[in-house]
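# Summary of the model geometry
Single-letter residue listing:
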Amino acid sequence: PATRCRLQILAPETSETTQDPTFTISPLTTPDRPVLVQPGIPVTVELLIENRSERVDRFRLECTGLPDDWTVQIEYPRDFTGLGLVRIDDSVGINPGDRGTIRADIHAPTLPLAGSYLPTFRLASENDSTLGLLALVYLRVEPTYQLQAQLQTIQDQVRDRPAQFSLQFANLGNTPRQVQFALTPLSPPDTCTYTLPTETLTLAPQTTTQVLVEGRPQHWWTRPWFGIGKSYPFRIDLKTPDRRPITPETLQGSLTWVPRPWWQLLLAVLAGLGIFGTLIFLIWWFFLRPPAPPNVVEFAAEDSRYTEANGDMA
């Protein structure tokens, strides 16, 4: 037999979280689709907030997760207080069921370091201090490569000390760079030696460094006595393991071995004159000297008694 029953359907329970505010962020970014940061152009982010509660609420936006040299400017809607006055506030008030917009401009430094950045936006509610809604923005800075090198002369004339040069590098890019350099003498081998403290260098972004290069000629007896001196040219070849550009790739320099001081030349001339005079004297003494004239060494009679003969005198 048929039985009648009464079925009562209750309304679904409403969760308290349905009254929590929500917001969406634009542009929408992901780790695979970040926003590329262009030099000098800020990244603009807009947040659309919806107040789903039954009370008027004020919201404040915070941004963290960026380096200290980055700045974030948050712009809230202007509130009109009447009589044509505009009050700039640090938060936005939204009525129940209404929406509001907050704009944030992310300013990067002139040349930010290459890599990925993840600024975090936190939306704070004035009615509920425990509520914090988070959103992430994925940013990426592409690497720029600009490495410059130059060779500056500290002392290129060799006297009693070696010649010195400063090999300077400036990494004007936003990524670390490694450079390798090799010095090649352009003079005959073993006539001049060069000293380098290292042959590999790593430069951090936006930094400069220098390497001291020393050169000293060899074989003291080949030092010039007069004139403008003796030149020893050399070449420094630069390269990077990542095959990125470096300007320039070759540097050339030269050092000069100046003539000996005048007093050494004077001593050499005097010594040469002395040797020449001694040689002339020896030649004259052994080959050109005239024989000595005869002279009486001793005069004596063979006998103390003599006899007159033939009327001659004794």
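In this text the structure is predicted, and so the values were computed from the model without any measurement.

Of regular secondary structure, the protein chain possesses 1 helix and 22 strands. Within the span of the protein chain, comprising 314 residues, buried residues form 27% of the whole. Sequence separation of at least 24 residues holds for 70% of the intrachain contacts in the protein chain that already meet a minimum separation of 6. Working note: accessible area of the protein chain is about 22300 Å², and carbon and sulfur atoms make up 55% of it.

What follows deals with the sheet that holds strand β14 (residues 147-155). Pairing between sheet strands relies on hydrogen bonds along the backbone, with the strands arranged either parallel or antiparallel. The 4 strands are arranged β14-β16-β20-β18 in an open sheet whose pairing can be described as antiparallel. Each of the sheet's edge strands pairs with one partner strand only, and the pair in question is β14 and β18 (192-195). The mean inter-strand angle of the sheet, taken between neighbouring strand axes irrespective of direction, is 20 degrees. Bridging between β18 and strand β20 (residues 207-217) involves 4 bridges; their strand directions are antiparallel. When the sheet's bridge partners are listed, Thr195 is paired in β20 with Glu214.

Mapped onto the secondary structure, Asp242 falls in the loop between β21 (230-239) and β22 (250-257). Note on Asp242: relative accessible area 36%, which makes it partly exposed. Sequence separation of Asp242 and Arg177 is 65 residues, and the distance between their C-alpha atoms is 8.6 Å. A distance of 3.0 Å separates the side chain of Asp242 from the side chain of Thr240, its partner in a polar contact.

This part takes up the pattern of salt bridges. On inspection of all chains with the given rule, the structure shows 5 salt bridges. Close ionic contact of Glu142 with Arg140 constitutes a salt bridge, the shortest N to O distance being 3.5 Å. Close ionic contact of Arg235 with Asp237 constitutes a salt bridge, the shortest N to O distance being 3.1 Å.

Another aspect to go through is the side chain of Asn174. With respect to the element layout, Asn174 can be found in the loop between β16 (163-171) and β17 (177-185). Only 2.6 Å separates the side chain of Asn174 from the backbone nitrogen of Thr144, close enough to count as a polar contact. Ignoring anything within four residues of it in the chain, the contact list for Asn174 reads Leu111, Pro112, Leu113, Ala114, Val141, Glu142, Pro143, Thr144 and Pro205.

Scanning all chains against the criterion turns up 5 aromatic pairs. Aromatic side chains Tyr194 and Phe234 sit 5.2 Å apart centroid to centroid with 55 degrees between the ring planes, which places their arrangement in the tilted category. Linking Tyr194 in strand β18 with Phe234 in strand β21, this pair joins segments that are 40 residues apart in sequence. Take Phe234: its relative accessible area is 1%, and that puts it in the buried class.

Moving on, we come to the sheet that holds strand β8 (residues 92-94). Read from one edge to the other, the open sheet built from 4 strands follows the order β8-β4-β11-β12, with strand pairing classed as antiparallel. Strand pairing shows two members of the sheet lacking a second neighbour, β8 and β12 (132-136), which therefore form its edges. Averaged over neighbouring strand pairs, the angle between their axes works out to 30 degrees when direction is ignored. Bridge count between strand β4 (residues 57-64) and β8: 3 bridges; the pairing is antiparallel. Each bridged residue has a counterpart across the sheet, and for Arg58 the counterpart in β8 is Gly93.

On to the confidence of the model for the protein chain. In this model, the protein chain carries an average pLDDT of 83, and 84% of its residues clear a pLDDT of 70 or more. Strand β13 (residues 139-141) holds the highest mean pLDDT among the elements of the protein chain, 95, whereas strand β7 (residues 85-87) holds the lowest, 49.

The next thing to look at is the pairing of strand β3 (residues 43-50). In β3, alternate side chains face the same way, and those of Val43, Val45, Leu47 and Ile49 are buried while those of Thr44, Glu46, Leu48 and Glu50 on the opposite face are not. For strand β1 (residues 22-26) and β3, the ladder comprises 5 bridges, and the chain directions are antiparallel. Bridge pairing in β3 places Ile25 opposite Leu47. With 8 bridges connecting them, β3 and strand β9 (residues 99-107) associate as antiparallel partners. Bridging across to β9, Leu48 finds its partner in Thr101.

This paragraph deals with the side chain of Arg223. With respect to the helices and strands, the residue Arg223 is situated in the loop between β20 and β21. We note that Arg223 is buried and unpaired, the nearest opposite charge coming from Asp160 at a distance of 7.6 Å. Within the local environment of Arg223, its side chain forms a polar contact with the backbone oxygen of Val258, the two atoms lying 3.0 Å apart. In terms of polar contacts, Arg223 uses its side chain to reach the backbone carbonyl oxygen of Pro259, at 3.3 Å.

Reading guide: rules and limits
- Residues numbered from 1 in each chain as written.
- Predicted model: local features only at pLDDT ≥ 70, side-chain atom pairs only at ≥ 80, totals over all residues.
- Heavy atoms only, no water.
- Helix = DSSP H or I, 4+ residues; strand = E, 2+ residues; numbered from the N terminus.
- Buried < 20%, exposed > 50% of the residue type's maximum accessible area, 1.4 Å probe, protein only.
- Contact = heavy atoms within 4.5 Å.
- Areas by Shrake-Rupley, 256 points an atom, 1.4 Å probe, with all protein chains shown as cover.
- Pairing = 2+ DSSP bridges.
- Axes fitted to C-alpha atoms, helices over the stretch in contact; angles between N-to-C directions.
- Polar contact = N/O pair within 3.5 Å; in protein donor to acceptor, adjacent residues only side chain to side chain.
- Salt bridge = Lys/Arg side-chain N within 4 Å of Asp/Glu carboxyl O.
- Phe/Tyr/Trp six-rings, centres within 6.5 Å; stacked < 30°, edge-to-face > 60°.
- pLDDT = per-residue confidence, 0-100.
- Lys, Arg positive; Asp, Glu negative; His and termini not counted.

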